[in-house]
Structures are given as structure tokens and as C-alpha cells.
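# Close look at the chain arrangement
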Amino acid sequence: MTQLTIVADENIPFVSEFFQTLGEVKTYPGRTLTAAQVQSADVLLVRSVTPVNESLLAGSRVKFVGTCTIGIDHLDVEYLSRCGITYHSAPGCNANSVVEYIFSVLATLKPNWLQASFGIIGCGNVGGHLYRRLSALGLAVDCYDPFLSEVDNPDLCELERVLQADVVCLHTPYTRSGAHPTHHLLGEAQLQQLKPGCLLINAGRGPAIDNQALKRVLSVRQDVTVALDVWEPEPNLDVGLMPLVALASPHIAGYSYDGKVEGTAMIYRALCRYLKCAQAATTEALLAGDESGAQRLSWGSREPEAAAKGAATTADDGSVQDWLNRAILTAYDVGADDARMRAQLLTESSLASEAAFAREFDVLRKNYPKRREFPCFQVGAMPEGLAEDKKKPLNKLLATLGFTLAIREES
Ligand SMILES: NC(=O)C1=CN([C@@H]2O[C@H](COP(=O)(O)OP(=O)(O)OC[C@H]3O[C@@H](n4cnc5c(N)ncnc54)[C@H](O)[C@@H]3O)[C@@H](O)[C@H]2O)C=CC1
Ligand SMILES: O=C(O)C(=O)[C@H](O)COP(=O)(O)O
């Protein structure tokens, strides 16, 4: 059998380790992948920044396309099907990562979020995971997803009602056609309907919110707080929106180390099934000995980025909510992502040209720090000074968020 040629985005973690047993792996920057680079490939492995369509693939040998991401809006699936090219995505691979991003945003911007009501737009793998976590915490959650029924989700309701929640989270794919396209799902009229004091978070795809309408609304409505992980467009987002947004991040909600590695592993398994060959590589083997997978959560050892800047991050009153926020921000502080993004992009050199800005946006993503998910953090002891009657409630909340409890029951 002749060896397969596998062309891959260089930002796919462990791409060589997983795929070299199946063929020769050639890596390139995904954003600028060309037809010439893909021409002699049998297999193409991408992330969300590579539009996979006729211009890229016409005349190539590619028979299998794998995207190590949840979203597939960068794949021309109609073209791929027409040409008999098999394609796979990695559904759910980084869903937990996005949900942890949401909890980090809450701990930063809504210190008393255990008292808030929630609205989720798009309740699939990510939104559904968030819905189950929030419901398990006993919180009120309304969901809008016109493709689901009450059997899938008993808390479905109209969009108008979801917009009345204290916290509104968007987790839709990007679609421009069909019965319910998500392009500009939230335009000026919907944004004006948001409840006073609302926290709006978009970690789906940028154009689900009309970013120009958002800019107009935020310039008059100071009562609405916004966290954007995704932008319209990327990478050349509207810089004028950044100062109006409380937390800005460069499309990294799904960038936990665990989520990214799982994305690669899912596509590797899909290719092995397609080729009908045994799986020679496993995530367990690749991550064996990685000590970041089992860390002690130390209470308050790290000042959250926003707190360091003097912003109110936690309830700061020794309450269960306060300690929960501290745990979240110790594991993942989205304020640090925000600080890095503003420091890197709002500079004279980044703003000098569209090309420079796009390059720096991608540099931020490429060099994203290794971020492990909550289960990698072991809670070995309750915080000192926490009242006895608060220990069990805190323990329960930490477990519901996915932290690993390693606390010995006192007899
Ligand atoms: N910021 C980030 O780093 C990440 C962003 N994403 C984005 O999040 C999206 C959602 O991911 P999953 O939940 O895994 O996808 P999914 O396909 O499991 O769920 C999407 C849900 O959105 C619903 N939906 C579609 N059109 C809608 C509309 N007009 N209004 C309301 N709901 C609608 C669908 O019915 C479905 O239930 C992905 O497509 C991707 O674009 C995913 C991972 C990471
Ligand atoms: O999985 C998705 O869908 C995402 O949005 C990815 O987390 C985005 O990452 P890149 O593919 O752009 O590296």
C-alpha cells in the first residue's frame, strides 16, 4: 500500500504523534493554506480558520477531511458530499472548555451569579452541557433552540423570554440559510430587549450578534455588560467594539488543552475507522506523565487578573459564592486572556494594518497558555477559616462544576 500524504494545520496539537502511523504528515499555517499545498494530499486536517471548499480542493487527491473542531461553518459540506469526500468534525470535543469559560466570565463579571437567572440560545453539545450544569446547581434556566423539542429540553421557550434573563449565553453554530439562520440572530431590536443589568456572553460564532448593532447599543446602554470570545468578523474584528466589551478574548473559549487534544483524537479515531485500521496512538499514552493533569487547587494563591486591576471580581465576603469564584478563577482566569488580548492588539504596530492585526490575533491563539479543565484540579482541603456549615455546600458546588474532590471525610 502506498503511504498516505496527510496535510494538516500546524496548530493541531499532537498531529504528528497521532497521525504519523497512518502516513506522512506535512503541516502548514491553517489560515493561509493553499491549493498547491493540498494538491498531493490524500487526507486534509484543519481547524476552524481554513475554508475548505472547491477553491482549496479542486484538482487534489483529498478523499478525507477532518476538522478538529466542533464548528463546521468553514466546510463547504455540499461541495464535499457532491465530490464524494468524507468529512468529520469533533462534536463536543471542547464543550466542557466553553462551559468553563462561561463560569470564569461569571466569576469575573457577575460575582453573585448563584442568584442569577440564565438564558441559553442554542442548546446542543455546548449549550446543553451548560444547561445541565446550571440546572444541577438549582438555577433558573430558559433555553431557546427552535430545532429541539420539549423531550430534549423541558425549559424551551421563545427568544423574547430568554432575552429577559440576567445572563444570556449564545452557543449557536453559524448558519445563513434554513428555517432559523443564526446570522445576526441578535440585531439591534433584540439587543434593546435585554433586561437592564444583563450580562451577555457570545462563545458561539461572532456573526450571531450583529456587531455593529452591538456597538451602537452599548454606546447608549451602560447597563448591559458584554463578554465576547467570538467576533464579526475574525480576525479583523471592529477594534471600536473592544473598549465597550467587559471581557474580550480571541476565540479561545474552547481552547482548554483537554478540549484541543480531544479534537485531534476524535479525528484520528474517525480516520482509523475510515481506513479500517487499528488505532496505534491514544490520548492516555500521549498524556501519561503530564503532571498538569492532576494539580492541587490552592485557595487564593493567585490574584485574579481583574482583581489585580482593582475590578470587583468576587463577592469577597467569605461566602460560599466567594470561595467558589476563587476556585474557578484559580483554575481558569479569563481576565488574563482579556489582558493579553488588549495588550497585544491595541498597540500601534498591531493597529498599523489589517494584516498586522490579523497576524497578532493569530499569534495570541497559537501561543495560548496550557489551560487544564476543572477535573484536573484536586481540592484537597476546604479553605482555612470557612465556617463549618459552609463546607458541605461548597464541596457540593465544586463537585457540580467538575472539580475533583480529594477531601477526607472527618469522622
Ligand atoms: N468559542 C469557541 O471557542 C467555540 C465555539 N463553538 C461554537 O459553538 C457552536 C455550538 O457548538 P455545539 O453546541 O457543540 O453545537 P451543536 O450542533 O451540538 O448545537 C448547536 C445548537 O444550536 C441550535 N441552533 C441552530 N440554529 C439556531 C437558532 N437559529 N437559534 C437557536 N438555536 C439554534 C441547534 O439546534 C443545536 O441544538 C459551534 O457550532 C461552534 O460554532 C464551539 C466550540 C468552541
Ligand atoms: O471547535 C470550534 O468550533 C471552535 O470554535 C474552536 O475551538 C476554534 O479553534 P480553531 O479551530 O480556530 O483553532
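Just so we're clear, the structure is a prediction, and the values are computed from it rather than from any experiment.

Rules used in this analysis
- Residues numbered from 1 in each chain as written.
- Chains lettered and ligands numbered in written order.
- Predicted model: local features only at pLDDT ≥ 70, side-chain atom pairs only at ≥ 80, totals over all residues.
- Heavy atoms only, no water.
- Near = heavy atom within 4 Å.
- Polar contact = N/O pair within 3.5 Å; in protein donor to acceptor, adjacent residues only side chain to side chain.
- Areas by Shrake-Rupley, 256 points an atom, 1.4 Å probe, with all protein chains shown as cover.
- Pairing = 2+ DSSP bridges.
- Helix = DSSP H or I, 4+ residues; strand = E, 2+ residues; numbered from the N terminus.
- Buried < 20%, exposed > 50% of the residue type's maximum accessible area, 1.4 Å probe, protein only.
- Arc of directions from axis to C-beta.
- UniProt positions renumbered as here; feature names shortened; annotations may be inferred.
- Contact = heavy atoms within 4.5 Å.

## Considerations on the site of ligand 2
In the neighbourhood of ligand 2, the contacting residues comprise Arg-47, Ser-48, Val-49, Thr-69, Ile-70, Gly-71, Asn-94, Arg-205, His-251, Tyr-255 and Arg-365. Here Arg-205 contributes a side-chain N or O atom positioned 2.8 Å from an oxygen atom of ligand 2. Considered on its own, ligand 2 offers 350 Å² of accessible surface; in the complex 94% of this is hidden by protein.

## Some points on the sheet that holds strand S12 (residues 295-296)
Strand pairing in a sheet is mediated by backbone hydrogen bonds. Such pairs are either parallel or antiparallel. Here three strands make up an open sheet; going across it, the order is S12-S13-S14 and the pairing parallel. Edge positions in the sheet fall to S12 and strand S14 (404-405), since each has one partner strand and no second. Inspection of the sheet shows strand S13 (residues 377-379) paired to S14 by two bridges, in the parallel sense. Considered in S14, the bridge of Val-379 is made with Leu-405.

## Focus on helix H9 (residues 211-220)
Residues Asn-211, Ala-213, Leu-214, Val-217 and Leu-218 constitute the buried set of H9. Projected down its long axis, H9 shows its buried positions confined to an angular sector of 150°, all on one face. Where H9 begins, the capping side chain belongs to Asp-210, and its oxygen is found 3.1 Å from the backbone nitrogen of Gln-212.

## Some remarks on the UniProt feature "active site" (unreviewed entry) in the chain
Here, UniProt's "active site" (unreviewed entry) annotation points to Arg-205, Glu-234 and His-251. Spanning 47 residues, the named residues form one tight spatial group whose C-alpha atoms are at most 9.8 Å apart. Secondary-structure assignment places Glu-234 in the loop between strand S10 (225-228) and strand S11 (247-248). Take Glu-234: its relative accessible area is 26%, and that puts it in the partly exposed class. In this structure Glu-234 touches Arg-31, Asp-229, His-251 and Phe-361, once residues within four positions along its chain are discounted. Looking at Glu-234, its side chain comes within polar contact range of the main-chain nitrogen of Trp-231, at 2.9 Å. As for its placement among the helices and strands, His-251 is situated in the loop between S11 and helix H10 (257-275). By relative accessible area, His-251 is classed as buried at 12%. Residue contacts for His-251: discarding those within four places in its chain leaves Ser-48, Arg-205, Asp-229, Val-230, Glu-234 and Arg-365.

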